[in-house]
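Each chain, written out:
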Number of protein chains: 2
Amino acid sequence: MLNFTVGPVMSDDIIRAIGAEQVPYFRTSEFSNLMLENENLIKKFANTTDDSRVVFLTCSGSGGMETAIMNCLSKNDKALVINGGSFGERFVQLLSLHGIPFTEIKLKHGKALRPENLKPFENKGYTAFLFQKHETSTGVHYDSELISNFCKRNNCFMIVDAISSFLADPFDMKSLNAGVMITGSQKALACPPGIAVMVLSPSALERIEKAQCCCQYFDLKIALKNQDRGQTPWTPAVSVLRQINARLKEIDAKGGAQVEIERTAKLASYFRNKLKEKELPFEVISESLSNAVTPLHPTTQSAYQIFLKIKDEYGIWICPNGGDMKDEVFRVGHIGALKETDYDCLINAFVDLKEKHFI
Amino acid sequence: MLNFTVGPVMSDDIIRAIGAEQVPYFRTSEFSNLMLENENLIKKFANTTDDSRVVFLTCSGSGGMETAIMNCLSKNDKALVINGGSFGERFVQLLSLHGIPFTEIKLKHGKALRPENLKPFENKGYTAFLFQKHETSTGVHYDSELISNFCKRNNCFMIVDAISSFLADPFDMKSLNAGVMITGSQKALACPPGIAVMVLSPSALERIEKAQCCCQYFDLKIALKNQDRGQTPWTPAVSVLRQINARLKEIDAKGGAQVEIERTAKLASYFRNKLKEKELPFEVISESLSNAVTPLHPTTQSAYQIFLKIKDEYGIWICPNGGDMKDEVFRVGHIGALKETDYDCLINAFVDLKEKHFI
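The structure contained in this document is the topic of the report that follows. (Residues numbered from 1 in each chain as written. Chains lettered and ligands numbered in written order. Predicted model: local features only at pLDDT ≥ 70, side-chain atom pairs only at ≥ 80, totals over all residues. Heavy atoms only, no water.)

1. Brief notes about the relation of the copies chain B and chain A
Then, number 1: Between the two copies, chain B and chain A, the superposition gives an RMSD of 0.0 Å; the rotation angle is 180° and the shift along the axis is 0.0 Å. Expressed as an axis order, the relation between the two copies is that of a two-fold axis.
Then, number 2: A share of 100% of the interface residues of chain B reappears at the interface of chain A, consistent with the copies meeting face to face through the same patch. (Least-squares fit on C-alpha atoms with pLDDT ≥ 70 in both. Contact = heavy atoms within 4.5 Å.)

And the structure:
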């Protein structure tokens, strides 16, 4: 099956070969060295300050989002959160559950963030800002510079969900002055799911030190203490961490994050150009695209029916949407071990469906 | 490397081959069917009532332990907990963190549970009982029947950590009247780490329904609702869940849990007999052994030095202990894809170390 979803994505042969190896025992200096190497390469690719830290949690990206809130925010904060899709909505739920006072900036599906969206909140005592760098559900890539400048002016602690965007779009932790960045193993890292990666700035470390986390498993004080020596408090997804290591070294050898981002951008534009060229009945629904995904509204058929048809008759996964968007939107991802000829297969399938009047 | 630790353990070729496959997209009926099959086979092997449920969480076994406490206990409970090693100690920490009133039954490392340990707590209003079926850190297999009878007399809700024991020692959820049983993917299931399995009785489901879980990621109400249709609320460790599926079907095809338990018991006694036969300077430190592991105190050398020596010079992992037990105890596991000839290799390495006067 060809996989154009936004996670789990296709892995290359090196990563898959590690999946076939016996999983090693991990309370060893060998595994500790690998984990410290993972921390350093993530810091390099996220362009953090030297005194930033990285921890690897065995959970989904959503677990990482909740961990950030539980460890870095308190009832004394006043948070702003962008809600432009399912993942913004998840931040809203999590802030409610954990009793963090917040204001929601609700954006219509597909809409970019504009300066006027932030204006009403200047100098209103906000202390934290949460957003998706890329709202994966609608394929909207928010303007991080705009948010970062707001946060600098207003002294807001910034929590960035870059789960589907890290290594697909440029990200500079230092220049953005971000507090926390979250990503996951099954997105542009192109490894199996199971690991959330959290990048923590010195300001985050300060907040973590003061916090009383309500959940031991997600307590970053414990995670950080263990990562000091390249370990985790609980048995981690060892095989995924070894795959992440191989993948990070591979990216490094090929020239680093920038080269990987350019490769992804090239694939995205290859696909987007083909869409136009073939005059397919799909509308791009996002005002501000990430390189990670192209969100499409099909004008002649249910999006979900197209997902099923393409899966069952062509052996290709595109990414369906859930909830309200189920029949309206599907997405085509550009992360993972994909190449231009893979997009030719997908485009051919769409063209075939058009010729058969299914779309 | 030959791996005799208690997790991650060796996986067989079928499981490893799945690790090399591309990870499929999972919001599909194909994956839902696999998850429902996983639920049914776990229920079968744990001998649950028909109306029991199983959920699969992407986390370590410790995450499962905390999830049980967060979702099934409250400040209105009065819990008893056995603390005979590191994992009993973890239950104690978790009960403290979550504000559950409890009394600790502290047992010396290596000691079995006896009726007199429970006697003082009869008719004292206890409502819950937490224990390790097998305290993995010291290799003590507690008498589940004894605890079950206490719980039946005293109407206690029973939370059983069977993480390293399930499929290695007999377990009968129905006859024990257990409330919750927890296990992990990297123990006798012999898959990579990343998944905790939770088996929930109707009494657990009732408690979950009433509870207010403080952590969304571990909220079993949400997990159960998703598992109704064979799904998970957050992206799970899809590859491990597919490996668990293959492994469960393999066990089923070979005759079920009983056959797998007998296979493990045979390996354990093969190793234990060889130890005696070769007169190795190791004392078994547990009064009540599980089939999963043999805990040993070496009388002539530091346990940790033996672990390092065997790893670096013979390419074999035995399982070191941490904390106080670091120099006193190492363990040899009997779970995973091991066979008698593997134990011959280990015994030969020990004999060699004895001849070289290292032990």
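2. Things to note about the interface of chain B and chain A
Then, number 1: Taken together, the contact between chain B and chain A spans 55 residues of the former and 55 residues of the latter.
Then, number 2: Across the chain B to chain A interface the summed buried area is about 4,000 Å²; carbon plus sulfur atoms make up 59%.
Then, number 3: The three residues of chain B that bury the most area against chain A are B:Gln22, B:Tyr25 and B:Gln216, which together make up 18% of that side's buried surface.
Then, number 4: Applying the counting criterion to the chain B and chain A interface returns 14 residue pairs in polar contact (both at pLDDT 80 or more).
Then, number 5: Of all elements in the fold, only helix H1 (13-19), helix H3 (61-72), helix H4 (86-97), helix H10 (238-253), helix H12 (303-314) and strand E14 (319-320) of chain B reach the threshold of two or more residues within the side of chain B that touches chain A. (Buried area = accessible area lost by both parts, 1.4 Å probe. Polar contact = N/O pair within 3.5 Å; in protein donor to acceptor, adjacent residues only side chain to side chain. Helix = DSSP H or I, 4+ residues; strand = E, 2+ residues; numbered from the N terminus.)

3. What about the packing of helix H2 (residues 29-46) of chain B against H10(B)?
To describe two helices that pack against each other, one gives the angle between their axes and the distance between the axes.
Residues and elements named next belong to chain B.
Then, number 1: In the contact formed by H2 and H10, the axes pass within 9 Å of each other and the chain directions differ by 45°. Considering the angle they form, H2 stands oblique to H10. Note on packing geometry: the crossing formed by H2 with H10 is left-handed. Between H2 and H10, the residues in contact are Phe31, Leu34, Met35, Glu37, Asn38, Leu41, Ile42, Lys44 and Phe45 and Val238, Leu241, Arg242, Ile244, Asn245, Leu248, Lys249, Ile251 and Asp252, respectively.
Then, number 2: Looking at side-chain class alone, the contact of H2 with H10 contains 11 nonpolar, 2 polar and 5 charged residues. (Axes fitted to C-alpha atoms, helices over the stretch in contact; angles between N-to-C directions. Parallel < 35°, antiparallel > 145°, perpendicular 65-115°, else oblique. Left-handed = near helix turned anticlockwise from the far one by under 90°. Nonpolar A, V, L, I, M, F, W, Y, C, P; charged D, E, K, R; others polar.)

4. Concerning the environment of B:Tyr304
Residues and elements named next belong to chain B.
Then, number 1: Here tyrosine 304 shows up in helix H12.
Then, number 2: Residues tyrosine 304 and isoleucine 318, 14 residues apart in the sequence, show an inter-C-alpha distance of 9.8 Å.
Then, number 3: Beyond its immediate sequence surroundings of up to four residues, tyrosine 304 is in contact with Pro320, Lys326 and Asp327.

5. Focus: the sheet that holds strand E15 (residues 330-333) of chain A
Strands pair in a sheet through their backbones, by hydrogen bonds, and they do so in one of two ways: parallel or antiparallel.
All names here are of chain A.
Then, number 1: Pairing is antiparallel across the open sheet formed by 4 strands, whose spatial order is E11-E12-E15-E14. Among the strands making up the open sheet, the edge pair consists of strand E11 (282-284) and strand E14 (319-320).
Then, number 2: Two elements, E14 and E15, share 2 bridges in a ladder whose sense is antiparallel. Pairing of cysteine 319 across the sheet is with arginine 331, part of E15. (Pairing = 2+ DSSP bridges.)

6. Focus: the pattern of salt bridges
Then, number 1: Summed over all chains, the structure comprises 38 salt bridges over all chains.
Then, number 2: Between B:Glu30 and A:Lys311 there is a salt bridge, with its nearest N and O atoms 2.8 Å apart. With B:Glu30 in helix H2 and A:Lys311 in helix H12 (residues 303-314), this pair bridges two chains.
Then, number 3: Of the residues examined, B:Glu30 reaches a relative accessible area of 43% and is grouped as partly exposed.
Then, number 4: In this structure, B:Asp312 engages B:Lys311 in a salt bridge whose closest nitrogen and oxygen atoms are separated by 2.9 Å.
Then, number 5: Residue B:Lys311 is classed as buried on the basis of its relative accessible area of 7%. (Salt bridge = Lys/Arg side-chain N within 4 Å of Asp/Glu carboxyl O. Buried < 20%, exposed > 50% of the residue type's maximum accessible area, 1.4 Å probe, protein only.)

These figures capture arrangement, not role.
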